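# Fold and contact review
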Amino acid sequence: MSSFQTLLETSLKTYCEERFVQPEQLTDRQWYQFIAEVSQQAVLQSFPHNPPLVSTRKVNYLSMEFLIGRLLGNNLMNLGVYDQVQQLLAKCGKNLVDILEQERDPSLGNGGLGRLAACYLDSMASLSQAAVGYGLHYQYGLFKQLIGYHGEQLERGDAWNRDFYPQQYHRADLQQKVGFGGQVVHLQDDKYQWQPEWEIFGEAFDLPVVGYKGVQQPLRLWQGYSETDFDFAVFNDGDYLHAESRVIDASKLTKVLYPNDNHQEGKALRLMQQYFHCACSIADILRQHLAQGRSLEQLPEFEVIQLNDTHPAIAIPELMRVLLDQYELSWEKAWSICSKTFAYTNHTLLPEALEQWDQTLVAKLLPRHIIIIERINNELHHLVKAEFNEDEFAQAWYETAVLMDNRVRMANLCVVGSFAVNGVAQIHSDLVVSDLFPAYARLFKGRFHNVTNGVTPRRWIRQANPALSALLDQHVKGDWTKDLELLRQIEPLAKDPQFQRAYQAIKQQNKQALAQVIEQEIGLKVNGEAIFDIQIKRFHEYKRQQLNLLNIIATYQEIKANPEQAVVPRLFVFAGKAAPGYFLAKQIIQAINNLAATINSDPDMQGKLQVAFLPDYRVSLAEKIIPAADVSEQISLAGKEASGTGNMKLALNGAITIGTLDGANVEIAEFAGEENVVIFGHTVESVRELRANGYNPREYYEQDDVLRNAIDALTDGSFANGDQHRYDALVDNLINHDPFCTLADFASYRAAQQEIAKRYQNQTAWVESAILNTARLGAFSSDRSIRDYQTRIWKKA
Ligand code: C3B
């Protein structure tokens, strides 16, 4: 008997004896708790067998978000004990999948950025890359989404770990102290002393990340607490105060995750969260580094601090502060260490997401840091002066300055303070250089890189799609779970009728399972024969759910007008949240729900067209939707989606992408083969041209009857219980502004959708394409991304 089997059986005996019950009498919740405890013991016991770590630097991954999803199932699988636990449960009449449903998703992230961080933790642990994830232990994660009576989004708090979350350890030994406000005394020359106004304690909670047959490493999350409150009254000269209460309970610092994705709100409390996160993490990194008998000068040799977007940018002046004030290094020495330690990943070009903080606010909250930032800015000024001639200087400085117009530009701070900067898909990395940071690219040659995002095959294939995994196990030699490129072996089977049938049967079975979820969640019985057309992601104008919406309206109108015409049945599935303050995105959600209500109850649509909006999109729901997708909607305006990662998960699970040439779609099309995706719409270049010629969406509205009729249906009360004004803001925005060129891409999108319907009718060719998507997209494993980081960025300094 394996040692795990022994552990499992003896622990069960004890667990039951303590509760005076037989195993058969345990509740699902008790089973969950029991398995969580045993898996922890298993993790601890296998710890001494950790494989040796690779020889790159240790990675300290700083991120304000980690959207890890449920841990237990994943950990059992990565430990290699999933089947044993399942068998034990089966003996007691229980199903492991049901028990795992007991776990709540820790929703410590908004969307792609946070989920990417989670995939990277999994891959680093699986590849034995030494790493610690540093984040915040929000009491409330991202809100829970409900859909109200009128189809509108409602938000509820999500206290994810309040009563029951057994997978975390309070690390009382790792407490930190973080200062805010106060004054700085200038002692002499470079010497300053910061006397903060308040101090907050940071407590650490570790969540174990178990790699696939790999190491266990912590995700370390900081939570604030203090005996005293802040008095915001001392800040009473800033505009930013108006929206905030004057006194904030310090323990509320990490109470809630800001629910914005790709958008900065500029609230003081958010800046405090960012600093708190960075100060605790930097102190912890230095503590561990020095505890190993290493010197400060050796920091870049052994550690890298990877900044996940600009949210942890303040870590740069914080490390400087510690080196200068605490360890009394010279500016030159401190900067030399610092600028070889940080690396920055840019995840967006959207101007509203590029963080800039009010300089006055930064000076009030972090008076020492602003002095350091000013010095960084001054040094940069010399560099820019030296590189650019007189004619070029003004423009170059305008682009590169860290301080400008009383703003602290965090992306610029990151570029200056890092030894490497990367974008997250090739097209995005190119735009980072050409559009966002051209002057920097000239100033800091060799600093800019690309690392295309990836997704972990453990969660997104092995765990989410067990049937497909079993088929792959049968036909692929070697362990594809840790080397996804091995999936190439099934390429020759794409035309094999027997393999096609097996692959198709799995998709059908997954569609049935999703149909059940849809019925449970929203009471809609769906046509399992329809094309399952899926758009799952945050709601944002640039992601253009409104384009999908308009096409559905047009399709509805077409079927209404031609009731006899044959239709390829289609089920449109949406899921995603909108930021609570993002009015237009919420209108789009509401319009989809109202459209769904009309279409789903119209007898003329029976068996032809259905729309399902699944509330409360989260990792565990994504795991149920993705394996069932036939079509993957990746329809952002070209140049706006940095990469996307849902596109990779869906394609690997055999969905055909309908997409623009944006983000990683470009690479997906290259790998899958252009004939196995459907590309439409303007390109980055043609969008530029469109705008240069003065884009006027109204012209499209006036000239395209199909488009006009679709938009008009939003103002005639058809999808609003007769209310003709419900979507005024949305419609006005589309016809008169349309910042994401929805109208310009409508005709081409509609043609692409017709192409999808046509292709679907030839099932043999469709399945072949789907198989080729699975076979050829192994490069989108996050293991490949991590290897790219290792060779391009994290190599020894
Ligand atoms: C997202 C981008 O919008 C996605 O294109 C990208 O795939 C992921 O990051 C991961 O790189 N992103 C986000 O979720 N939140 C931000 N603030 C910025 C980017």
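Described below are features of the structure shown in this document.

So, how was this worked out
- For every chain, the first residue of the written sequence is number 1, and numbering continues from 1 along that sequence.
- Residues qualify for local features only when their pLDDT is at least 70, as the model is predicted, and side-chain atom pairs are given and counted only at 80 or more; totals for whole chains, interfaces and linings, by contrast, use all residues.
- Each side-chain value is derived from all of the structure's non-hydrogen atoms; neither hydrogens nor water enter the calculation.
- Buried and open spaces are told apart on a 1 Å grid over the protein atoms alone, a cavity being a set of points where a 1.4 Å probe fits but cannot get out and a pocket being an open set with protein on both sides within 12 Å along at least five of seven lines. Residues with an atom within 4 Å of a point are the lining residues.
- Grid points are joined across faces, edges and corners, and a volume is the space filled by probe spheres set on the points.
- Helix and strand assignments come from DSSP, with helices taken as H or I runs of at least 4 residues and strands as E runs of at least 2, each series counted from the N terminus.
- Residues were grouped as follows: Ala, Val, Leu, Ile, Met, Phe, Trp, Tyr, Cys and Pro as nonpolar; Asp, Glu, Lys and Arg as charged; and all remaining residues, including Gly, as polar.
- Proximity criterion: a residue is near a molecule or strand once any of its heavy atoms comes within 4 Å of it.
- A 3.5 Å cut-off defines polar contacts: any pair of N or O atoms within that distance qualifies, except that in protein one atom must be a possible hydrogen donor and the other a possible acceptor, and neighbouring residues in sequence count only when both atoms are side-chain atoms.
- Per-residue and other accessible areas were derived by the Shrake-Rupley procedure at a 1.4 Å probe size, with only the shown protein chains allowed to occlude residues.
- When DSSP finds two or more bridges between two strands, those strands count as paired.
- Whether two residues are in contact is decided by their heavy atoms, any of which lying within 4.5 Å being enough.
- Every axis corresponds to a line fitted to the C-alpha atoms, with the helix fit spanning only the stretch in contact, and the corresponding angles, defined between N-to-C directions, vary from 0 to 180 degrees.

### Topic: empty space enclosed by the protein
Applying the stated criterion to the full structure yields five cavities of 30 Å³ or more. The volume enclosed by the largest cavity comes to roughly 140 Å³. Leu71, Asn74, Ala118, Asp122 and Arg459 are the residues nearest the centre of the largest cavity, which is lined by 13 residues in total. Mapped by element, the contributors of at least two residues to the lining of the largest cavity are helix 3 (72-79), helix 6 (112-126) and strand 8 (198-210). Of all the elements, helix 6 adds the most residues to the lining of the largest cavity, at four residues. Counted as a void, the second largest cavity has a volume near 70 Å³. Contributing to the lining of the second largest cavity are Lys537, Lys543, Gln634, Ile635, Ser636, Glu641, Ser643, Gly644, Asn647, Asp662, Gly663 and Asn665. A class-by-class count of the residues in the lining of the second largest cavity yields one nonpolar, seven polar and four charged.

### Some points on the site of the ligand
Inspection of the region around the ligand gives 16 residues, with Leu113, His347, Asn453, Glu641 and Gly644 positioned closest. Contacts to the ligand include Asn262, whose side-chain N or O atom sits 2.9 Å from an oxygen atom. A distance of 2.8 Å separates an oxygen atom of the ligand from a polar atom in the backbone of Gly644. If the ligand stood free it would expose 420 Å²; the protein chains cover 95% of that surface. Its residues placed into classes, the shell around the ligand shows five nonpolar, eight polar and three charged.

### Re the sheet that holds strand 21 (residues 609-613)
Here six strands make up an open sheet; going across it, the order is 21-20-19-22-23-24 and the pairing parallel. Edge positions in the sheet fall to strand 21 and strand 24 (678-679), since each of these pairs with one other strand and no more. Pairing geometry for strand 19 (residues 531-536) and strand 20 (residues 570-575), over six bridges, is parallel. Directly across from Phe532, in strand 20, lies its bridge partner Leu571. Each of strand 19, strand 20, strand 21 and strand 22 (631-634) is contacted by helix 20 (residues 545-561), which is oriented at about 155 degrees to strand 20, the strand it contacts most.

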